[in-house]
Amino acid sequence: MPAAIFGITNDTLNLVVNLLILFLVVVWLALVWWTYSDARRRIDDPMLVGTATVASLFPYVGTVVYLIVRPPEYLADVRERQLEIAAAEARLAQLEALTCPYCEGDIERSFLKCPHCLRKLKDPCHRCGRPLDPRWSICPYCEAEVMQAPGGGPRSVAAGG
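Each chain has its residues counted from 1, running along the sequence as written. The predicted origin of the model limits local features to residues at a pLDDT of at least 70 and limits the giving and counting of side-chain atom pairs to 80 or more, whereas totals for whole chains, interfaces and linings rest on all residues. The side-chain values count all of the structure's non-hydrogen atoms but skip hydrogen atoms and water molecules.

Enquirer: Explain the overall build of the protein here, please?
Expert: We count a stretch as a helix when DSSP gives it H or I for four or more residues in a row; a strand needs E for two or more, and each element gets its number in order from the N terminus. A count of helices and strands for the protein gives four helices and six strands. Think of it in three bands: with a 1.4 Å probe and only protein chains considered, a residue is buried below 20% of the maximum accessible area for its type, exposed above 50%, and partly exposed in between. Buried positions account for 21% of the 161 residues belonging to the protein.

Enquirer: Would you explain the packing of helix α1 (residues 11-42) against helix α2 (residues 46-55) in this entry?
Expert: For any two helices packed against each other, the geometry comes down to the angle between their axes and how far apart the axes lie. Axis definition: a line fit to C-alpha positions, over the contact stretch in the case of helices; interaxial angles, taken between N-to-C directions, run 0 to 180 degrees. Packing of α1 against α2 leaves a shortest axis separation of 9 Å and a crossing angle of 160°. Classed by the angle they form, the pair α1 and α2 counts as roughly antiparallel. Crossing handedness for the pair α1 and α2: right-handed. Contact residues: α1 offers V32, T35, Y36, A39 and R40, while α2 offers V49, A52 and T53. In what follows, roughly perpendicular refers to angles from 65 to 115 degrees, roughly parallel to angles under 35, roughly antiparallel to angles over 145, and oblique to any angle outside these ranges. Working rule for handedness: look at the near helix, and if it is turned counterclockwise from the far one by less than a right angle, call the crossing left-handed; if clockwise, right-handed. Contact criterion: two residues are considered in contact whenever any of their non-hydrogen atoms come within 4.5 Å of each other.

Enquirer: I tried to follow a nonpolar patch on the surface on my own but got confused; where do I start?
Expert: Patch criteria: residues need more than 30% relative accessible area and no salt bridge. Like-charged residues are merged within 9 Å; nonpolar side chains of Val, Leu, Ile, Met, Phe, Trp and Tyr are merged within 5 Å. Accessibility throughout is a Shrake-Rupley quantity obtained with a 1.4 Å probe, and a residue counts as covered only by protein chains that appear here. Any Lys or Arg side-chain nitrogen located within 4 Å of an Asp or Glu carboxyl oxygen qualifies as a salt bridge. On the surface, F58, V61, V64, V65, I68 and V69 cluster together into a nonpolar patch covering about 620 Å² of accessible area. On the secondary structure map, V64 appears in helix α3 (residues 61-69).

Enquirer: Is there a simple way to explain the packing of aromatic side chains in this structure?
Expert: The description of an aromatic ring pair rests on the distance of the ring centres and on the angle between the ring planes. Any two rings among Phe, Tyr and Trp, with Trp reduced to its six-membered ring, count as a pair given centres within 6.5 Å; such a pair is stacked if its planes are under 30 degrees apart, edge-to-face if over 60, and tilted if neither. Enumeration according to the criterion identifies two aromatic pairs in this entry. Where W34 meets Y66, the ring centres are 6.2 Å apart and the plane angle is 75°; that geometry is what we call edge-to-face. Of this pair, W34 sits in helix α1 while Y66 sits in helix α3, and the two are 32 residues apart along the sequence. A relative accessible area of 30% places W34 in the partly exposed class. Criterion for a charge above a ring: Lys NZ or Arg CZ within 6 Å of the ring centre, and within 35 degrees of the ring normal. Above the ring of Y74, the side-chain terminus of R42 is found at 4.3 Å from the ring centroid. Sitting over the ring of Y141, R130 keeps its end group 4.5 Å from the ring centre.

Enquirer: Any chance you could explain the side chain of T35 here in plain terms?
Expert: With respect to the element layout, T35 can be found in helix α1. What makes T35 buried here is its relative accessible area of 0%. With residues up to four places along the chain from it excluded, the contact list for T35 reads A52, S56, T63 and Y66.

Printed below as a string of structure tokens:
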């Protein structure tokens with residue numbers, strides 16, 4: 001006759017209790033494995049992964065504690081977000097960086113001449129002195145009308161005199 005668990009002598013009831021205990025042990029071991037694999041995906045420090053796994057060895061309670069204190073994001077998601085931010089910053093820097101159409105040297109929007117090849121990039125407004133884009137018909141800073149010079153570049157004429 002097999003040993004009675006919890007003092008149960010009925011064979012059928014004993015079998016049910018044994019299967020229930022087996023089920024609880026299998027679920028507990030599965031939770032230990034799940035805690036270990038989830039911690040590896042969320043935590044970069046191997047010591048903390050080991051601590052989370054050892055904590056989950058306390059049946060059910062350790063896994064619940066891990067669920068409460070675990071990091072909210074996977075490491076892959078954090079790295080992907082950092083790459084997206086770096087790519088966005090690179091695109092922004094590329095938009096802000098201009099190059100000279102003649103020598104490909106770095107210039108700024110406000111440059112009148114290229115500091116590398118000394119070619120004229122823009123003409124200044126005769127009223128306020130700010131650089132004018134050749135496509136503009138008025139100065140956006142002082143509202144002076146811009147006339148096209150015979151050479152094709154802009155020439156500013158003061159509005160009203």
